[in-house]
Amino acid sequence: PSVEIAMLRGRIDISRDMEGEVMVLACIDLGEEEISASAHAVGATISERFRMQAISGDDVLKLRELTALSDELGEPRAEGAARTFVFSPARLNLYREAIADFVDSRGEAEWIREEDREPLARVRELAPALSELSKEALRAALSPAPHGR
């Protein structure tokens, strides 16, 4: 299916926090369909990745962060409204990984559930932009150059 992507803008914000420490944040404007598709993909990734009985401490932290992200993506919003999401580089990378896992797992499957079809089409188109923004955020976090010292 042909899908118009409403990732209106992705940008990196480098500033200082209240203590004067450099802060790197990734800001993403998403349209209603991309938010819904992202929420579906992150939720599916959570249920598939963390099904096992025993999980490591790192997995517990990832599960906690992905659950918070899923909750944020699922928050009520005005119909048709775009929203701005602000992520730390680490959280953006976790979001990117969840989207990539969802896309990869559906690409490798012999069949796709009907409820996955539209979200898959939308997040598949979103994935390259998320990957690029994630790389930019990581580069900025490793060598931040704050504006307006």
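Definitions and cut-offs
- Residues numbered from 1 in each chain as written.
- Predicted model: local features only at pLDDT ≥ 70, side-chain atom pairs only at ≥ 80, totals over all residues.
- Heavy atoms only, no water.
- Pairing = 2+ DSSP bridges.
- Helix = DSSP H or I, 4+ residues; strand = E, 2+ residues; numbered from the N terminus.
- Axes fitted to C-alpha atoms, helices over the stretch in contact; angles between N-to-C directions.
- Contact = heavy atoms within 4.5 Å.
- Core = buried A, V, L, I, M, F, W, Y, C linked by side-chain atoms within 4.5 Å.
- Buried < 20%, exposed > 50% of the residue type's maximum accessible area, 1.4 Å probe, protein only.
- Expected span 1.5 Å × (residues − 1).
- Arc of directions from axis to C-beta.

Draft legend 1. Structural context of the sheet that holds strand β1 (residues 9–16). On the basis of which strands lie adjacent, the open sheet formed by 3 strands has the order β1-β2-β3 and antiparallel pairing. Each edge of the open sheet is held by one strand with a lone partner, namely β1 and β3 (83–87). For this sheet, the mean angle separating the axes of adjacent strands, direction not counted, is 25°. Where β1 and strand β2 (residues 22–30) come together, 8 bridges link them in antiparallel fashion. Within β2, the position partnered with glycine 10 by the bridge is isoleucine 28. Sheet strands in contact with helix α1 (residues 32–49) are β2 and β3, and its direction is about 110° off that of β2. Along the sheet, helix α3 (residues 89–108) makes contact with β2 and β3, crossing β2 at roughly 35°.

Draft legend 2. Broad picture of the nonpolar core. Residues Ile28, Val42, Leu66, Leu73, Leu92 and Tyr95 are the most contacted members of the largest nonpolar core, which totals 29 residues. Those residues in contact with leucine 66 that lie beyond four places of it in its chain are Val42, Ile46, Arg49, Phe50, Leu94 and Ala98.

Draft legend 3. Structural view of helix α2 (residues 57–73). In this model α2 runs 24 Å from its N-terminal to its C-terminal C-alpha over 17 residues, within 8% of the 24 Å that 1.5 Å per residue would give. Within the sequence span of α2, burial applies to Leu66, Leu69, Ser70, Glu72 and Leu73. End-on view of α2: buried residues confined to an arc of 160°, all on one side of the axis. Those residues of α2 that are exposed and aimed more than 90 degrees away from the buried face are Leu61, Arg64 and Asp71. At its buried positions, α2 is contacted by α1, β3 and α3.

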